[in-house]
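So you can see what is in the structure, the chains are spelled out below.
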Amino acid sequence: MASPSIALWVAIAGAVALLSAYTMGAFSSKNHMPVDGKTVLITGASEGMGRSAARQLAAKGANVVIVSRNVSRLEESLAEIKAAARNPQTQRFHYISADVSKPDYARSLIAEAIAWNNNQALDIVWCVAGKSTPDFWVEAPLSLTRDQMDINFWGSAEMAHAIIREWCAPPAPVLPEPKHLIFTSSVLAFYPIVGYGPYSPAKAALRALADTLVQELEMYPQKVKIHVVYPGSIQSPGFDRENKTKPKITQILEEGDPVQSPDAVAASAINGLEKGQYFITVAFLGHVLRWSALGGSPRNNWFVDTIMCWILQFAWMFALPDMFGKIRKFAKENGHPVNYRKKGNNE
Ligand SMILES: NC(=O)C1=CN([C@@H]2O[C@H](COP(=O)(O)OP(=O)(O)OC[C@H]3O[C@@H](n4cnc5c(N)ncnc54)[C@H](OP(=O)(O)O)[C@@H]3O)[C@@H](O)[C@H]2O)C=CC1
Ligand SMILES: CCCCCCCCCCCCCCCC(=O)[C@@H](N)CO
């Protein structure tokens, strides 16, 4: 015999479950970033996650322009991307060699891509090109931080400036479907760890730029959606290179981060884009670090994000002493950092 109060609790629990299922997107399968027949420009697509993303977008029907410096790698990558096309008869593919760390590289690059695209505007621009050379911030020359800023921050900022001016100029058409600009940051933007000092500030700067742009773009009649992808460790050619200079303590601290394949990261990022997410994390540690550091950034989901942000503030009570404990133990055993900085670092 159920008392009225039990029935009431069951009803409330049911309503909460429904509400959370609804807010978690269980009833909405809308694709917020359809790419079939659209044209995507993607930088850093000759290797690693950019190449995987380009191939997966081709398989979903996109025309793709890939950008990086090395032409033979671009050609090889383009062949692979072409082979994955969904509609080989109608889809088109192209590469452009450019160095994204150079000032003002983006305007002429975009002009070339538009000309190739039968003078049609680009639909999606994804900045993936990036590079990390881990080292101790104090021991490494300061020029290393400048170089990392040039590629990781300026490489995307130049592109954002040029493409948004293109999409949002007064004569540009106001279309029902949004354009998409995607940045590729790193979970280190949420929680930087020692050894990535020359790199993390550039990736964190991308977050601040994106948080500004989502506000600024509200003021234009044209619709542009900003997204930021935050990968953890990716088993890419770049990862193999960075491991050569990565300090031991950095390896110890990032041990708990499972390395993902470029394909898995690209698939998960595209899944987040299709769900319409703003900040996209591609693995569990990434979700955790996003919740642990969300601040005033727009939410993907008010219900889930609010509860998880709240829980994660408690998790730091255990995580921070653990991380600092590892650093202090390492320092005690190894002495002054000058002694254990890896050889082979540029000096
Ligand atoms: N690997 C990892 O663990 C993580 C990586 N990231 C970020 O994800 C992105 C992809 O990383 P990953 O898959 O490792 O990439 P890779 O290092 O394997 O590949 C980098 C790509 O960018 C291109 N590139 C590098 N420098 C320039 C430049 N100056 N101008 C134009 N293109 C350039 C490269 O081609 P070329 O050399 O021919 O120019 C290549 O196509 C990067 O932004 C990276 O910072 C984030 C978190 C973790
Ligand atoms: C409550 C919170 C728990 C905290 C746990 C902390 C674990 C830290 C893991 C750091 C992972 C770093 C991946 C670097 C990826 C990257 O960007 C480079 N490989 C550059 O290419």
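Residues numbered from 1 in each chain as written. Chains lettered and ligands numbered in written order. Predicted model: local features only at pLDDT ≥ 70, side-chain atom pairs only at ≥ 80, totals over all residues.

Novice: Got a minute to help me understand the overall build of the protein in this structure?
Specialist: When helices and strands are tallied, the protein shows 11 helices and 7 strands. Taking 2.2 N^0.38 as the reference for a compact globule, 347 residues should give roughly 20 Å; the C-alpha atoms of the protein span a radius of gyration of 22 Å, in line with that estimate. Across its three principal directions, the C-alpha atoms of the protein cover 70 × 65 × 40 Å. Within the protein, the proportion of its 347 residues that are buried is 36%. Contacts in the protein between residues at least 24 apart in sequence constitute 74% of all its contacts with a sequence separation of at least 6. (Helix = DSSP H or I, 4+ residues; strand = E, 2+ residues; numbered from the N terminus. Rg over C-alpha atoms; globule rule 2.2 N^0.38 Å. Buried ≥ 20, exposed ≤ 12 C-beta atoms within 10 Å, placed from the backbone. Contact = placed C-beta atoms within 7 Å.)

Novice: Would you explain the pairing of strand β4 (residues 124-127) in this entry?
Specialist: Each regular strand displays side chains that alternate between the two surfaces of the sheet. Going residue by residue along β4, you find I124 and W126 tucked away on one face and V125 and C127 tucked away on the opposite face as well. Pairing of strand β1 (residues 39-43) with β4 involves 4 bridges; the strand directions are parallel. Following the sheet pairing, L41 is matched in β4 by V125. Here 4 bridges tie β4 to strand β5 (residues 179-184), and the two strands are oriented parallel to one another. Note that in β5 the partner of W126 across the bridge is I182. Assessed by its sense of winding, the connection that carries the chain from β4 through helix α5 (residues 142-168) to β5 is right-handed. (Pairing = 2+ DSSP bridges. Right-handed = clockwise from strand over helix to strand, strands pointing away.)

Novice: Could you clarify how one ought to interpret the site of ligand 2 in this entry?
Specialist: Neighbouring ligand 2 are 20 residues, the closest being S132, S186, D257, A315 and A319. For the shell around ligand 2, the secondary structure elements donating two or more residues are α7 (237-243), α10 (284-292) and α11 (302-334). Examining the composition of the shell around ligand 2, we find that 4 residues originate from one element, α11, more than from any other. Partitioning the shell around ligand 2 into residue classes produces 11 nonpolar, 6 polar and 3 charged. (Near = placed C-beta within 6 Å. Nonpolar A, V, L, I, M, F, W, Y, C, P; charged D, E, K, R; others polar.)

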